[in-house]
Amino acid sequence: MIVEYLPQQFVQNLPALIIAIPLLGAFIAPLLKKHGRAAAGWTVAITGVAFLLAILLMDYVRASQGGMVVYVFGADSPGLTLPSGYTVPVRIMFQIDGLGVLMAFLCTLLPFLAAVYSVGFARKETGLEKYYALMMLMTVGMLGMVLTGDIFNLFVFLEINSIAGAALVGFRNYRGEAAEAGFKYIAISAFGALMVLFSIGILYGKYGNLNIAYLSGVIEYSRLDLIALGLLLTTFALKCGAAPMHHWVPDAYGEAPGSISMMMVISSLSSLYALIRVCFILFGGIVISLPAVGWILIIMGLISMLLGATMSLIQKDIKRFIGYQAVSQTGYMVMAIGVGLAVMGDPVAMQTYGRNALTAGLFHLINDAIYMGLLFLAASAVIYAARTRNMDEMGGLARKMPYTAVFFLIGAASIGGLPPFSGFASKLLIYESVFAFNPVLAVVAMVTSIIALAAFAKQFAAVFLGPPLSNLKRVRESPRSMLIAMAVVAFLTVLFGLYPQLVIDWLVRPAVEAMLNLAGYGAWGGA
Amino acid sequence: MDLTLLTGYGFWNPLLWLAFLLIFGGISYFLWALRGNPAYKPGTEQVKPFISGNPEPAKDLVHIRARHIYWGFVEGLRGYYSFARKMHTGDVRDYALWYLGVGVVVLILLVGGI
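Residues numbered from 1 in each chain as written. Chains lettered and ligands numbered in written order. Predicted model: local features only at pLDDT ≥ 70, side-chain atom pairs only at ≥ 80, totals over all residues. Heavy atoms only, no water.

Novice: I would appreciate a short explanation of the nonpolar core in the present structure.
Specialist: Formed by 234 residues in total, the largest nonpolar core has its most connected members in A:Trp248, A:Phe280, A:Phe283, A:Met300, A:Leu397 and A:Met486. Sorting elements by how many residues they give to this core places helix α15 (residues 347-386) of chain A first, with 26 residues. In contact with A:Trp248, not counting residues within four places along its chain, are A:Tyr185, A:Ile188, A:Leu238, A:Lys239, A:Gly241, A:Tyr253, A:Met264, A:Ser268 and B:Tyr95. The next biggest cluster of nonpolar side chains, apart from the first, holds five residues, and it includes A:Ala26, A:Ala29, A:Ile46 and A:Met136. (Core = buried A, V, L, I, M, F, W, Y, C linked by side-chain atoms within 4.5 Å. Buried < 20%, exposed > 50% of the residue type's maximum accessible area, 1.4 Å probe, protein only. Helix = DSSP H or I, 4+ residues; strand = E, 2+ residues; numbered from the N terminus. Contact = heavy atoms within 4.5 Å.)

Novice: Any chance you could explain the packing of aromatic side chains here in plain terms?
Specialist: Note on aromatic pairs: each is described by the distance of the centres and the angle between the planes. All names here are of chain A. Under the criterion given, the structure shown has 26 aromatic pairs over all chains. When the ring of Tyr-353 is compared with that of Phe-437, the centres are 6.3 Å apart and the planes differ by 55 degrees; the resulting orientation is tilted. Taken together, the residues span a long stretch of sequence, with Tyr-353 in helix α15 and Phe-437 in helix α18 (residues 422-437) at a distance of 84 residues. Relative accessible area serves as the criterion here: at 12%, Tyr-353 is assigned to the buried category. (Phe/Tyr/Trp six-rings, centres within 6.5 Å; stacked < 30°, edge-to-face > 60°.)

Novice: What is the right way to read the state of the cysteines from this model?
Specialist: Cysteine pairs can be linked by a disulfide, which is a covalent bond between their two sulfur atoms. Residues and elements named next belong to chain A. Here the structure, examined in full by the defined rule, presents zero disulfides over all chains. A disulfide-free cysteine, Cys-107 has its sulfur positioned 14 Å from the sulfur of Cys-240, the nearest such atom. Among the residues examined, Cys-107 registers a relative accessible area of 0% and is labelled buried. (Disulfide = S-S within 2.5 Å.)

Novice: Whenever I open this one, a positive patch on the surface confuses me. Can you help?
Specialist: Residue and element names in this part refer to chain A. A cluster of like positive charges, contributed by Arg-37, Arg-123, Lys-124 and Arg-387, occupies part of the molecular surface. On the secondary structure map, Arg-123 appears in the loop between α4 (98-121) and α5 (128-147). Assessed through its relative accessible area of 47%, Arg-123 is described here as partly exposed. (Patch = residues over 30% accessible without salt bridge, like charges linked within 9 Å, V, L, I, M, F, W, Y side chains within 5 Å. Areas by Shrake-Rupley, 256 points an atom, 1.4 Å probe, with all protein chains shown as cover. Salt bridge = Lys/Arg side-chain N within 4 Å of Asp/Glu carboxyl O. Lys, Arg positive; Asp, Glu negative; His and termini not counted. Charge placed at Lys NZ, Arg CZ, Asp CG, Glu CD.)

Pasting the structure below:
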């Protein structure tokens, strides 16, 4: 354990530092207004430090008793959850378990790589100090969402994440479409956030507390609580891009700069995390006897998979195409998690395949973040070089951009579920576990994967293969920083495919244990 | 490091897959090398396409564009795509309506106890 060799005070304050450092970075970045390259370097350094802190945090959580770390802001000591005279937690609290650190790992890795990519990708843009400040602010929002143990803080960080994300989607406001996509994203996010706030109001009005651990122990099977559950479930499904509420996804992912599209993927997955936290922990006590919740997610997953995959086939815009595929991939995760929820009340089914479905869902979440990020980076590199988003105007680019073509092919093979790439391993786990629950689900998942593979074969053939086109004579390979970022993500795609069991043991298994450890989580909620 | 993934019902090992890939790749190469046409001479008149004596069009004009691929698939599912396209209006008010609609259905299912 690395944390054993570090000063105890530093280690104890890791949960606060991982938020505070990118936040400080975000407020300093505007001061570098006249030095775009310095702002880029600053962001790479800050996000890199945040990633290292996430690794240390993972180590710290693992070394802690019960695989959980609690950090109380403003208390005499970070672990003091109950001030004298109180039987319930009243301060702002971070509660970090295996699921939280898995997400923190992704929420720092992807922004770091996005920052590296942006050094070359965004160098010709103006207002870079705002771009980088928003990027770090978005990282803070995502990290806060996945680390907090307080439902109101979850709302606050969701808002930070959404507002920074919307500003970044519309960052290239000289393109009308980007400004429109940013507006749509903030409009739908604000609508959803209001519903989250309304649900929090219901819970606070009824129980007088906002601590998730406390609430998980007192939630009742009442109409009011079910309304709160329904609103939270629908909103976080909307925010993670599940169909039929996915319409904002191709708009936002398609119009955002490439590095931001990659961050938007993990931003959506943070909402999926919130959905998991709500279903398994906050309302875990009543969802166990509510298989309807699992079935709602399964149906949303099925619609997302099919609609996303088929709609991608008719897209001309290279990034909207990938945006629809992102919807399809969200469907896989939502379906697998739905299967786990549907059998929560059946210990035998949970042991036989429910746990595997959850493992598969979370493993796919990691893979999705990686290969979807790679595809967005490669597609944006193509747009950057070819100066067009229309796939009908592209062809033969593999001759001009051989590295980008290889990186794109790796991402496409992974999303298509081809061995030995990472997507294959998680899809295999999903097929097997959902087949045991209902074979129809596995058949739909396989058909969708075939459509995805066929769709990416089309995209690769149309963009990269064929003779060099006269309108693309001046195309050159991407700048080095973009290639480095893509190479790292491509390497991870191959690595996670070759060593799936290692990723499962190291990251996924502790997260699944945390998802099912309602008693352990709730124990920090006081009386 | 162990490369085997235990799936609960079976296992997956990428090394085995790579071994099979190499074997079948080798067989494919052998067959290709064995049956290749020895009369084929690249860079000569014989490799030019024959289009009833017409001149060969520029490569740009014959390149298979994205819109050409899976045209038949999309045409075959015209009914489905007509519905799916109508669903994606691009109007943010419709996005909000879909969200509200799904929210209502979810609440009916949960609160109504269906």
